[in-house]
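Now for the letters of each chain:
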Amino acid sequence: MRILLVYAHPVPDSFCAAMRDAVLRGLAKHDHEVRVLDLYAIEFEPRFSAHERTIYLDEERNREPAAEHIEMIRWAEGMVFVFPTWWYGLPAILKGWLDRCFPPGVAFRLDTRGAPIRPGLTHIRMLAGVTSCGSTWRYAKWVGEPHRRILMRGIGALCAPRFTKIWLAHFNMDTASPASLTGYLAKIEQRFSRLR
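Let me begin by describing the structure that accompanies this report. Only a predicted model underlies this, so the values are computations on that prediction, with no experimental measurement involved. Here the residue index of a chain counts from 1 through its sequence in written order. Two thresholds apply to this predicted model, a pLDDT of at least 70 for residue-level local features and 80 or more for giving and counting side-chain atom pairs, whereas whole-chain, interface and lining totals are computed over all residues. The side-chain figures draw on all heavy atoms in the structure; neither hydrogens nor water molecules are used.

**Quick word on the sheet that holds strand β1 (residues 2-7)**
We apply this condition: In short, DSSP must find at least two bridges between two strands for them to pair. Secondary structure elements are taken from DSSP: a helix is a run of H or I of four residues or more, a strand is a run of E of two residues or more, and numbering for both begins at the N terminus. Lines are fitted to the C-alpha atoms to define the axes, a helix being fitted only along its stretch in contact, and any angle between axes, read from their N-to-C directions, falls within 0 to 180 degrees. Contacts are residue-level and defined by heavy atoms, with any inter-residue pair within 4.5 Å sufficient.
On the basis of which strands lie adjacent, the open sheet formed by 5 strands has the order β2-β1-β3-β6-β7 and parallel pairing. One side of each edge strand has no neighbouring strand; the edge strands of this open sheet are β2 (33-38) and β7 (164-170). Taking the axes of each pair of neighbouring strands and ignoring which way they run, one obtains an average angle of 10 degrees across the sheet. Where β1 and strand β3 (residues 78-84) come together, 5 bridges link them in parallel fashion. Across the sheet, isoleucine 3 pairs through a bridge with glycine 78, a residue of β3. With respect to the sheet, helix α7 (residues 178-193) is in contact with β3, β6 (126-132) and β7, its orientation differing from that of β7 by roughly 170 degrees.

Okay, here's the thing in structure tokens:
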């Protein structure tokens, strides 16, 4: 499978980097072709420019500002997002990547008559989120896990029918024991090693 791994953490030796590496070790067990997109390393600009927002609905022109990233999305058959949960959501750089790289004509198609949007990511047959959370599982559920809903429901609704869905999260990060963290990394690697 051709897999785009989108990684979002500013600290090179963070636990999120270990999570990313665990995903890569798991994927290496099979013949997946993987591209890693490190949003902080490339200093991705998450903000729309005024021009970009103006052409957002123009499917002939809206790909130009993020053409390289959109090409990677079109190349992929699977997408893995590795990121920390900050304020129950996606890091701003990752949310901005979605804003700029999933425009109409790429992620979905708009109907001028007001019909529901049509999926544009039907080539994506695997979608995964791997994250760490400072809060407890119970509190994250009470807040509603907006990051999970954006990725698994929002983007998931645009993917292939019956796509593979993977969501892995470690809670209580601020008080987690070394054994718990090591166990989570092993769980990540094991889950992705089963992906075909």
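**Some remarks on the packing of helix α1 (residues 15-27) against α7**
Helix-helix packing is described using two parameters, namely the angle between the two axes and the distance between the axes. What counts here: Between 65 and 115 degrees an angle is taken as roughly perpendicular, under 35 as roughly parallel, over 145 as roughly antiparallel, and anywhere else as oblique. Less than a right angle of anticlockwise turn of the near helix away from the far helix marks a crossing as left-handed, whereas a clockwise turn marks it as right-handed. Just so you know the grouping, Ala, Val, Leu, Ile, Met, Phe, Trp, Tyr, Cys and Pro go in nonpolar, Asp, Glu, Lys and Arg go in charged, and all remaining residues, Gly too, go in polar.
One can describe the packing of α1 onto α7 by two numbers: an axis separation of 7 Å at closest approach and a directional angle of 30 degrees. Considering their axes alone, α1 and α7 lie roughly parallel with respect to each other. Relative to α7, α1 is oriented so that their crossing is right-handed. Within the contact between the two elements, α1 uses Phe15, Ala18, Met19, Ala22, Val23, Arg25, Gly26 and Leu27 and α7 uses Leu181, Tyr184, Leu185, Ile188, Glu189, Phe192 and Ser193. Residue composition of the contact of α1 with α7, grouped by class: 11 nonpolar, 2 polar and 2 charged.

**Side note on the pattern of salt bridges**
Heads up, the condition is: Whenever a carboxyl oxygen of Asp or Glu lies within 4 Å of a side-chain nitrogen of Lys or Arg, that contact is scored as a salt bridge.
Within this structure, the stated rule accounts for 12 salt bridges. Between arginine 125 and glutamate 77 there is a salt bridge, with the nearest N and O atoms lying 3.8 Å from each other. Placement of the pair is arginine 125 in the loop between β5 (118-119) and β6 and glutamate 77 in the loop between α3 (67-75) and β3, with a sequence separation of 48 residues. Through salt bridges with shared partners, a single ionic network connects Arg2, Glu77 and Arg125.

**Points about the pairing of β7**
We count it as follows: A 1.4 Å probe rolled over the protein chains alone gives each residue an accessible area, and that area as a share of the maximum for its type sets the label: buried under 20%, exposed over 50%, partly exposed in between.
The buried fraction of β7 amounts to 5 of the 7 residues, a majority that puts the element mostly inside the structure. Across 7 bridges, the pairing between β6 and β7 is parallel. Residue pairing in the sheet places alanine 128 in a bridge with isoleucine 166 of β7.

**Details of the pairing of β1**
Burial analysis of β1 places 5 of its 6 residues in the buried class, which makes it a mostly covered element. One ladder, built from 6 bridges, connects β1 with β2; its direction is parallel. Across the sheet, residue tyrosine 7 finds its bridge partner in β2, namely aspartate 38.

**Let's talk about the side chain of histidine 9**
Which entries qualify depends on this criterion: Polar contacts, as used here, are pairs of N or O atoms within 3.5 Å; protein pairs need one atom able to donate a hydrogen and one able to accept it. Residues neighboring in sequence count only if both atoms are side-chain atoms.
Looking at where histidine 9 falls in the secondary structure, it is placed in the loop between β1 and α1. Take histidine 9: its relative accessible area is 13%, and that puts it in the buried class. A polar contact of 3.0 Å, which involves the side chain of histidine 9, links it to the backbone nitrogen of valine 11. For histidine 9, the side chain forms a polar contact with the side chain of serine 14, separated by 3.4 Å.

**Structural notes on unusual backbone geometry**
Located in the positive-phi region is tyrosine 88, a residue other than glycine, with phi close to 65 degrees. Along the chain, the position of tyrosine 88 falls in the loop between β3 and α4 (92-101). Owing to a relative accessible area of 23%, tyrosine 88 belongs among the partly exposed residues under this scheme. Non-glycine residue arginine 162 carries a positive phi angle of around 55 degrees.

**Here we look at the environment of arginine 138**
Inspection of the secondary structure assignment puts arginine 138 in helix α5 (residues 137-143). Residue classification places arginine 138 among the exposed positions, given a relative accessible area of 64%. Through-space distance from the C-alpha of arginine 138 to that of tryptophan 75 is 37 Å; in sequence the pair is 63 residues apart.

**Remarks on a nonpolar patch on the surface**
For clarity, the threshold we go by: Grouping into patches uses exposed residues only, defined as over 30% relative accessible area, and leaves out salt-bridged ones; the cut-off is 9 Å for like charges and 5 Å for nonpolar side chains (Val, Leu, Ile, Met, Phe, Trp, Tyr). For accessible areas, the Shrake-Rupley method is used with a probe of radius 1.4 Å. Any residue's cover is judged against the shown protein chains and nothing else.
Side chains of Leu57, Leu110 and Ile117 sit close together on the surface and give an oily, nonpolar patch of about 290 Å² of accessible area. In this fold, leucine 57 is placed in the loop between α2 (50-54) and α3.

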